[in-house]
Amino acid sequence: IVKNFLSNHELHNFLFVSTCRAGSENEGFQCKQLKEFQKHRMPSTTIELGCLSESDCTELVAKLMNLEPREVKDLSSIIYDKTGGNAYFISEFLQCLVRGKNIQFDYGSLKWKWNRDEIVNRPVAANIAEIALQKLDFLSDHEKYTIAVASVLGISAFSFDTLAVNKTVIESLGADPNEAPLTDETLRQILQKSIEDRVLLADRLDKSRYLFAHDQIQMAASKTIPPEKLN
């Protein structure tokens, strides 16, 4: 469909924007399609997004913590060294430091404080797949298996109703018997918590639909389902 649109010379004032992760083993449909468009000399502009510079990293950390760049320089240098300037890694590593109380808000000074030595010794995920697994490790059984079932309900998004009719499937995956049975309300609470933990995103146009924050999180979640349960 997109190819027909882009090759239609009678169509004017049409802008098509697509993103893809180039250079990986599985470049995906978008990358292959874009290369096909370029091969047929369709007008296109490629914008490559690389990692942040160290100064950009400092600016980002300063804005997130509502501090001056000079106040976070020591912290941002450590973060930059550990993440290589990858914006997603920077964001996730900061979240990890807050969860681990390596960075805490001091209500006395009304500023963020951190322990430099603890952060220096804190490991950082080697890739996005590892970050995804770390996120899932923090979840309870019901939360983990809810996300696992959601991961196989659609390529790009899933609806609350579709997930709700699979409550028995979620419980059959091995949820803790001490946990209360899943209800629609419990399911909504799990989805909301997953949004807060940045595992899921709410569809802006349809609040009853959800998307995974990253395709690697969706892939990692699907792998937590025992193979025999996939049938």
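My aim in this report is to walk through the structure given alongside it, one point at a time. Because the structure is a prediction, the values reported are computed rather than measured.

Concerning the packing of aromatic side chains
In this structure the tally under the stated criterion is four aromatic pairs. Seen from their ring centres, F158 and F212 are 6.1 Å apart, and the 50° between their planes marks the pair as tilted. In this pair, F158 is assigned in strand β3 (residues 158-159) and F212 in strand β5 (residues 209-212), connecting sequence segments 54 residues apart. Like F212, F158 is buried.

With respect to the pairing of strand β1 (residues 103-106)
Pairing of β1 with strand β2 (residues 111-114), which is carried by four bridges, proceeds in the antiparallel orientation. Bridging across to β2, I103 finds its partner in W114. Taking the residues that link successive antiparallel strands as the turn, the β1-β2 hairpin has four residues, and the phi of L110 there is positive, at about 60°.

Focus: the pattern of salt bridges
Per the counting criterion, the structure on display carries seven salt bridges. Two residues, R198 and E92, come together in a salt bridge whose shortest N-O distance is 3.3 Å. Highlighted residues: R198 in the loop between α11 (184-196) and β4 (200-202) and E92 in helix α5 (residues 87-99), separated in sequence by 106 residues. With a closest N to O distance of 2.8 Å, D184 and K167 form a salt bridge. Taken as a pair, D184 in helix α11 and K167 in helix α10 (residues 167-172) lie far apart in primary sequence, 17 residues in all. Using a relative accessible area of 35% as the deciding quantity, one classes D184 as partly exposed. A cluster of three or more residues bridged by salt bridges with shared partners is formed by E143, K193 and D197.

A word on the packing of helix α3 (residues 54-65) against helix α4 (residues 69-83)
Close contact between α3 and α4 brings their axes to 8 Å; oriented N to C, the two are set at 120°. Taken as axis vectors, α3 and α4 run oblique relative to one another. Considering how the two elements wind past one another, α3 and α4 form a crossing that is right-handed. Packed against α3, whose contacting residues are E54, C57, T58, E59, V61, A62 and M65, the element α4 presents P69, V72, K73, L75, S76, S77, I79 and Y80 at the interface. When grouped by side-chain class, the residues that make up the contact of α3 with α4 number nine nonpolar, three polar and three charged.

A few points about a nonpolar patch on the surface
Taken together, the side chains of F105, Y107 and L110 define a hydrophobic patch exposed on the protein surface, amounting to about 370 Å² of accessible area. On the secondary structure map, L110 appears in the loop between β1 and β2. With a relative accessible area of 60%, L110 lands in the exposed category.

Details of the environment of I103
Take I103: it is sitting in strand β1. Sequence spacing of I103 and W114 is 11 residues, and the spatial spacing of their C-alpha atoms is 4.4 Å. If sequence neighbours within four positions are ignored, I103 has contacts with M65, L75, L94, L97, V98, W112, K113, W114 and I119.

Conventions we followed
- Each residue is numbered by its place in its chain's sequence as written, counting from 1.
- With pLDDT at 70 or above as the cut-off, local features in this predicted model cover only qualifying residues; side-chain atom pairs require 80 or more to be listed or tallied, and sums for whole chains, interfaces and linings still use all residues.
- Remark: hydrogens and water are excluded; side-chain values derive from all non-hydrogen atoms of the structure.
- Aromatic contacts are taken between Phe, Tyr and Trp rings whose centres are within 6.5 Å, Trp giving its six-membered ring; a plane angle under 30 degrees counts as stacked, one over 60 as edge-to-face, and the others as tilted.
- Here a helix means four or more residues in a row that DSSP labels H or I, a strand means two or more in a row labelled E, and each is numbered from the N terminus.
- A 1.4 Å probe rolled over the protein chains alone gives each residue an accessible area, and that area as a share of the maximum for its type sets the label: buried under 20%, exposed over 50%, partly exposed in between.
- Strands qualify as paired when DSSP identifies two bridges or more between them.
- The rule for a salt bridge is simple: a side-chain nitrogen of Lys or Arg has to be within 4 Å of a carboxyl oxygen of Asp or Glu.
- Here an angle of 0 to 180 degrees is reported between the N-to-C directions of two axes, which are lines fitted to C-alpha atoms, with helices fitted over the stretch in contact.
- Orientation categories follow fixed angle ranges, with anything under 35 degrees roughly parallel, anything over 145 roughly antiparallel, 65 to 115 roughly perpendicular, and all other angles oblique.
- For any pair of crossing helices, the crossing counts as left-handed if the nearer helix is rotated counterclockwise from the farther one by less than a right angle, and right-handed if it is rotated clockwise.
- Whether two residues are in contact is decided by their heavy atoms, any of which lying within 4.5 Å being enough.
- For this classification, Asp, Glu, Lys and Arg are treated as charged, while Ala, Val, Leu, Ile, Met, Phe, Trp, Tyr, Cys and Pro are nonpolar and the rest, including Gly, are polar.
- Here the term patch refers to residues with relative accessible area over 30% and no salt bridge, with like charges joined within 9 Å and nonpolar side chains (Val, Leu, Ile, Met, Phe, Trp, Tyr) within 5 Å.
- Method for areas: the Shrake-Rupley scheme with a 1.4 Å probe, in which residue coverage is limited to the protein chains shown.

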